[in-house]
Amino acid sequence: MGMVDLEKAPGAGPQAGPGEPVRGSDAEGCLAVAIRIPVRVVVLVLVVPVRMVWDALVVAGRFLRDAVLRPVGRALAWLGRAVFVWPLVGLWRYVVVPLAKGVGWLGHVLLVVPAMWLYRWVLTPVGQALGWFLTRVGAVLAAIARGVYAGLAWLGRYLAVVPAVWLYRWVLTPVGHALAWCGRQVARGVGLVVTGVGFVLYWICRVLLVLPALAVWRWVLAPVGRFLAVVGREVADALGHAWRVAGHLSRAVGRFLGTVLRWTVAEPARWVYRSVLTPVGHAVRDTVLRPLAEAGRGARRAARQALASARLSVRQARADVRRMLFGAPAERQPVDRREPSAAEARSLGSSTTALTKD
């Protein structure tokens, strides 16, 4: 691992364009350098143990996930399916669905069919008759309502609308115009007074509040903010560098521990497996297991032959008993399935003709 560069290169900072203020290390100068080196050293000392503990926890978590949690999760999933899913599926498929079908058929027969009959042959004729009657009654009532409405509209027009229009045109409109002119004049005067008062208050607030606040921002808060921004940026850069350096150190320590475990545990175990256990296993297989397997196969073959001979003897004894009790079965005559020749066909035809004449 090479040396870690704790200082930035001269050209690594951001370049300012024309007309933009200079930022980064060129703006702070010695202050940024003076803050950067001690902060990075302190942060590196603090972050290295944290990164190593983090890497160790990551390795332990992966091992726990692969070796414990996944097998346990699969076992629990299988157990959950066996205990909950499969019984519920069987209950749904073989109990609930047939019962629901039976209830549906029963409801259709007892409710839907009578309801459809009642709707078709009782409610529909009654509804049509009521509709016809209400339509005629509604037409009569609509004619009466139109006449009453026309009379009321004529009375309302000449008793209310015409007087109201005259009152609005010759009384309310002139009075409203006069009140509007007076309101505009009053509003203009109030606006002048408010404008003067606002102008005075504006300059008072500007002199007493804005200018002091602007001075405090420009000469106190802005320099302090720049200093805090430099400190925060350097701390963030130091954390990044320290985290990367700690990662390299943690990787080196992990490789060293892996090498130590390989040469102290894995390699001796592999040597013992290859040089000791494998020859011993081959010897046990060749001297013990294979002869036992051959003996087992021979015994199985002998038992199979003995069972076959016993089965044949039982079958022969059963045939002898049947022959003694019922006699030998009649032998079946083979049927000649070949086609007859021309001479045989002529002789067969002549014999058939003679039998017909007789």
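All values derive from a computational prediction rather than experimental measurement. (Residues numbered from 1 in each chain as written. Predicted model: local features only at pLDDT ≥ 70, side-chain atom pairs only at ≥ 80, totals over all residues. Heavy atoms only, no water.)

### Digging into the overall build of the protein
Quick reminder of the rule: Strands here are runs of E lasting at least two residues and helices are runs of H or I lasting at least four, both read from the DSSP assignment and numbered beginning at the N terminus. Only protein chains enter the accessibility calculation, which uses a 1.4 Å probe; a residue is then buried when its area is under 20% of its type maximum, exposed when over 50%, and partly exposed in between. In this description, contact between two residues means that some pair of their heavy atoms is separated by no more than 4.5 Å.
In terms of regular secondary structure, the protein is built from three helices and zero strands. Listed N to C, the secondary structure of the protein is α-α-α in terms of helices and strands. Counting the 358 residues in the protein, one finds 6% classified as buried. In the protein, of all internal contacts separated by at least 6 residues, the share reaching a separation of at least 24 is 84%.

### A closer look at the pattern of salt bridges
We count it as follows: In the sections that follow, a salt bridge refers to a side-chain nitrogen of Lys or Arg positioned within 4 Å of a carboxyl oxygen of Asp or Glu.
Scanning the entire structure with this criterion turns up seven salt bridges. Here R51 makes a salt bridge to D55, at a shortest N to O gap of 3.3 Å. One end of the pair, R51, and the other, D55, are both in helix α2 (residues 30-326), four residues apart, so they sit about a helical turn from each other. Across the pair, D55 and R51 agree in class, each one buried. Each of the salt bridges in this network shares a partner with another, and the network as a whole consists of R65, D66 and R70.

### Observations concerning a positive patch on the surface
Inclusion rule: For patches, a residue must show more than 30% relative accessible area and have no salt bridge; joins then use 9 Å for like charges and 5 Å for nonpolar side chains, namely Val, Leu, Ile, Met, Phe, Trp and Tyr. Surface accessibility in these figures is a Shrake-Rupley result with a 1.4 Å probe; residues are shielded only by whichever protein chains are displayed. Counted as positive: Lys and Arg. Counted as negative: Asp and Glu, with His and the chain ends omitted from the count. Charge coordinates come from a single atom per side chain, which is NZ of Lys, CZ of Arg, CG of Asp or CD of Glu.
A grouping of R311, R315, R318 and R322 is seen on the molecular surface, where their side chains present a positively charged patch. Positionally, R315 belongs in helix α2.

### A few points about the packing of aromatic side chains
Note the following rule: Ring pairs shown here join Phe, Tyr and Trp side chains whose ring centres sit within 6.5 Å, with only the six-membered ring taken for Trp; geometry is labelled stacked below 30 degrees between planes, edge-to-face above 60, and tilted in between.
Tallied over the full model, the rule gives four aromatic pairs. Taking the centre distance of 6.3 Å and the plane angle of 90 degrees together, the rings of W78 and W86 count as edge-to-face. The exposure class assigned to W86 is partly exposed, which follows from its relative accessible area of 46%. Seen in terms of ring centroids, F199 and W203 are 6.5 Å apart; in terms of plane orientation they differ by 70 degrees. Their pairing is edge-to-face. Linking F199 with W203, this pair stays in helix α2, spanning four residues, or about one helical turn. Put simply, the rings of F199, Y202 and W203 touch in pairs and so form one group of aromatic residues.

### Re the confidence of the model for the protein
What counts is decided by this rule: A residue's pLDDT is the confidence the predictor assigns to it, expressed on a 0 to 100 scale.
Summary statistics for the protein give a mean pLDDT of 82 and a share of 82% for residues scoring 70 or more. Looking over the protein, one finds the lowest element-wise mean pLDDT in helix α1 (residues 25-28), namely 45, and the highest in α2, namely 88. Below a pLDDT of 50 lies the segment residues 1-27, which in the model reaches 17 contacts outside its immediate sequence neighbourhood of four places, other chains included.

### Focus on the environment of R81
The topology assignment puts R81 in helix α2. If sequence neighbours within four positions are ignored, R81 has contacts with W86 and P87.

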